[in-house]
Amino acid sequence: MAASSNSSLSGSSVSSDAEEYQPPIWKSYLYQLQQEAPRPKRIICPREVENRPKYYGREFHGIISREQADEILAGIEGAYILRESQRQPGCYTLALRFGNQTLNYRLFYDGKHFVGEKRFESIHDLVTDGLITLYIETKASEYISKMTTNPIYEHIGYATLLREKVSRRLSRTKTESRKASVTSEENTPVEKITSLVRRAALTQNDNHFNYEKAHNFKVHTFRGPHWCEYCANFMWGLIAQGVRCSDCGLNVHKQCSKYVPNDCQPDLKRIKRVYCCDLTTLVKAHNTQRPMVVDSCIREIEARGLKSEGLYRVSGFTEHIEDVKMAFDRDGDKADISASIYPDINIIAGALKLYFRDLPIPVITYDTYSKFIEAAKISNPDERLEAIHEVLMLLPAAHYETLRYLMIHLKKVTLHEKDNFMNAENLGIVFGPTLMRPPEDSTLATLNDMRYQKLIVQILIENEDVLF
């Protein structure tokens, strides 16, 4: 991503023709400041220092005072030395000259060097990054504080143009594939523009089930110049310059990440598996109303297993269930779970239960768990039903829809109780601990709550037409 000029996006010219799409103009002011930042100058100790730590070089000057360090560095912007504290032997300090004064930082080493959160392979890199940060924050503190006030993320002209351009391509590819990665007529990936392009396009065009999803931001080190896709400003420094959403690839400043809406559009290429994947992330990545595992398994079970004795209670072979899991992880909605491959329907039922057990956040989420348990303890049936309904409304949309669909299916299972011997209470015993788990990993809490877990699922099945 290359910087253009120091003009804001709102000042850029955009064509009304979607096919003449112009990318946003990235703000290069902070990039220019990074280029102007003082370069580190290592001041070597003229004598051989005894007991020098092996992970420090000749910039280590031994036990000297702050005043001595100040004399050594005087007048040399960007100069630095390392010293051992006079007051606390065994503690080390980085003395750095910046802004005509000597700054002293407590220095640590745990395999890498650090004075704050960032960890560096070498002292030289640490000082380089530090000088860049000091220089930019000194020269542009007011600018930085206002970076989030006019973000390109909310720029209407840019987003509208983008949506028009990509919607045509999406409509051409929908019947061929539901993959989130879309290619143009010239086979140039749309995603290549930026992850922001993909996000805006999918939000309006390809995702009919636009469940709210927070971005999964993690600190990231960018190789080469990178610009924030929220504010369009340069992400300065050598390492850990910003954060990247591991689900959709959005790149933003750490401070900008606080302002990004909960509109993550996961990229299938980043979702490595189906099982153990966050439920909302999976449905948004596949652009489905519910996890396709749930749809596929329930469809198969209803086609050939509703009368199977002990359905969901009888276990299938563990190895075969693992095979089904791997098939979904590998092939997604194209996984073959037909009778010709898995004649025992208990394998499919087991794979469905395993999917729910493997969710990092259960279908009945940790946030709502205690509220469901409290609702189950209400003795008056009508009040209890009302309380359960209120808590259902607190579930994330994708979780609610998945639970609704499952309860409709389990109600169908109970209608064949004469053949399968599975009533709502039996299914509650099976699915209670599968669909809901206490937030804290406490065996005692789990045992105490088991009867309420069973009761919740039983009530959901028996009253699915009322509650949903």
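The chain appears in an unreviewed UniProt entry as Beta-chimaerin from Psilopogon haemacephalus.

1. Quick look at the pairing of strand E4 (residues 92–98)
Counting buried residues along E4, seven of its seven residues qualify, which places the element largely inside the surrounding structure. Residue alternation in E4 divides its side chains into two sets, Tyr92, Leu94, Leu96 and Phe98 and Thr93, Ala95 and Arg97, and both sets are buried. Alignment of E4 against strand E5 (residues 101–109), held across seven bridges, turns out to be antiparallel. Bridge pairing links leucine 94 to tyrosine 105 in E5. Linkage of E4 to E5, two consecutive antiparallel strands, is achieved through a turn of two residues, within which glycine 99 is found at a positive phi near 60°.

2. Quick look at unusual backbone geometry
The backbone of alanine 232 sits at a positive phi, close to 75°, despite the residue not being glycine. Tracing the backbone through its elements, the reader meets alanine 232 in the loop between strand E7 (217–220) and strand E8 (242–245). For cysteine 276, which is not glycine, the phi dihedral falls at a positive 70°. Classification of cysteine 276 by relative accessible area gives partly exposed; the value is 27%.

3. Quick notes on the confidence of the model for the chain
For the chain, mean pLDDT is 85; residues scoring 70 or higher make up 83% of the total. Considering each helix and strand of the chain separately, the mean pLDDT is smallest for helix H5 (residues 156–173), with a value of 42, and largest for helix H10 (residues 345–358), with 98. Considering only residues more than four positions removed or in separate chains, one finds that residues 156–193, a stretch of pLDDT under 50, has 68 contacts. Low pLDDT, under 50, characterises residues 203–208; the predicted model gives this stretch 17 contacts beyond four residues in sequence or across chains.

4. Here we look at the sheet that holds strand E9 (residues 251–252)
The sheet built from three strands is open, its strands ordered E7-E8-E9 with antiparallel pairing. The sheet is open, and its two edges are formed by E7 and E9, each paired on a single side.

5. What to know about the packing of aromatic side chains
Evaluation of the coordinates by the stated rule reveals 15 aromatic pairs. Here the aromatic rings of tyrosine 31 and phenylalanine 234 are separated by 5.0 Å at their centres, their planes lie at 75°, and the arrangement is edge-to-face. Note that tyrosine 31 is positioned in helix H1 (residues 29–36) and phenylalanine 234 in the loop between E7 and E8, a separation of 203 residues in sequence. Assessed through its relative accessible area of 26%, tyrosine 31 is described here as partly exposed. Note on phenylalanine 234: relative accessible area 2%, which makes it buried. Aromatic side chains tyrosine 55 and tyrosine 56 sit 4.8 Å apart centroid to centroid with 75° between the ring planes, which places their arrangement in the edge-to-face category. Using a relative accessible area of 32% as the deciding quantity, one classes tyrosine 55 as partly exposed. Tyrosine 56 sits in the buried class, given a relative accessible area of 4%. Taken together through their ring pairs, the aromatic side chains of Tyr55, Tyr56, Phe60, Tyr92 and Tyr109 make up a single cluster. Across the ring face of phenylalanine 114, the terminal group of arginine 119 is positioned such that the distance to the ring centre comes to 3.8 Å.

6. Regarding the nonpolar core
Generally speaking, nonpolar side chains in soluble globular proteins are found buried as a group. In this structure, Tyr312, Phe328, Phe356 and Phe431 are the most contacted members of the largest nonpolar core, which totals 70 residues. What phenylalanine 328 contacts, discounting residues up to four positions off in sequence, is Val274, Tyr275, Met292, Val293, Ser296, Cys297, Ala335 and Ile337. Listed in part, the 47 residues of the second largest apolar core include Leu82, Leu107, Ile239 and Val243.

7. A closer look at the packing of helix H12 (residues 381–392) against helix H16 (residues 443–462)
At a minimum axis distance of 11 Å, the contact between H12 and H16 shows a crossing angle of 90°. In terms of axis orientation, H12 runs roughly perpendicular to H16. Listed contacts from H16 to Arg384, Leu385, Ile388 and Leu392 of H12 are Leu455, Ile456, Ile459 and Leu460. Taken together, the residues of the contact of H12 with H16 break down into seven nonpolar, no polar and one charged.

8. Overview of helix H7 (residues 279–286)
Burial of H7 is extensive: eight of the eight residues sit out of reach of the surface. Those residues of H7 that fall on the buried side of the exposure criterion are Leu279, Thr280, Thr281, Leu282, Val283, Lys284, Ala285 and His286. Where H7 is buried, its residues contact helix H8 (292–304), H10 and helix H13 (397–414). Capping the start of H7 is the job of one residue whose side-chain oxygen sits 3.4 Å from the backbone nitrogen of threonine 280: aspartate 278. Once H7 finishes, asparagine 287 follows within two positions and takes phi at roughly 55°, a positive value.

9. Points about the packing of H10 against helix H15 (residues 424–435)
Running from amino to carboxyl end, H10 crosses H15 at an angle of 35°, the nearest separation of the two axes being 8 Å. Counted together, Lys353, Phe356 and Arg357 of H10 and Val430, Phe431, Thr434 and Leu435 of H15 form the full contact between these two elements. In terms of residue class, the contact of H10 with H15 is built from four nonpolar, one polar and two charged.

10. Here's the deal with the pattern of salt bridges
Applying the stated criterion to the full structure yields 17 salt bridges. Ionic pairing is found between arginine 97 and aspartate 70, a salt bridge with its closest N-O pair at 2.8 Å. Of this pair, arginine 97 sits in strand E4 while aspartate 70 sits in helix H2 (residues 66–73); the two residues are 27 residues apart in sequence, bridging distant segments of the chain. Arginine 97 gets classed as buried once you look at its relative accessible area, which sits at 11%. A relative accessible area of 32% places aspartate 70 in the partly exposed class. In this structure, the salt-bridge partner of aspartate 129 is lysine 118, at a minimum N-O distance of 3.3 Å. Residue aspartate 129 is located in helix H3 (residues 123–139), and its partner lysine 118 is located in the loop between strand E6 (113–114) and H3; the two are separated by 11 residues in the primary sequence. Judged by relative accessible area, which is 4%, aspartate 129 ranks as buried. Linked by salt bridges that have partners in common, Arg290, Asp295, Glu401 and Arg404 make up one network.

Calculation notes
- Residues numbered from 1 in each chain as written.
- Predicted model: local features only at pLDDT ≥ 70, side-chain atom pairs only at ≥ 80, totals over all residues.
- Heavy atoms only, no water.
- Buried < 20%, exposed > 50% of the residue type's maximum accessible area, 1.4 Å probe, protein only.
- Helix = DSSP H or I, 4+ residues; strand = E, 2+ residues; numbered from the N terminus.
- Pairing = 2+ DSSP bridges.
- pLDDT = per-residue confidence, 0-100.
- Contact = heavy atoms within 4.5 Å.
- Phe/Tyr/Trp six-rings, centres within 6.5 Å; stacked < 30°, edge-to-face > 60°.
- Lys NZ or Arg CZ within 6 Å of the ring centre and 35° of its normal.
- Core = buried A, V, L, I, M, F, W, Y, C linked by side-chain atoms within 4.5 Å.
- Axes fitted to C-alpha atoms, helices over the stretch in contact; angles between N-to-C directions.
- Parallel < 35°, antiparallel > 145°, perpendicular 65-115°, else oblique.
- Nonpolar A, V, L, I, M, F, W, Y, C, P; charged D, E, K, R; others polar.
- Polar contact = N/O pair within 3.5 Å; in protein donor to acceptor, adjacent residues only side chain to side chain.
- Salt bridge = Lys/Arg side-chain N within 4 Å of Asp/Glu carboxyl O.

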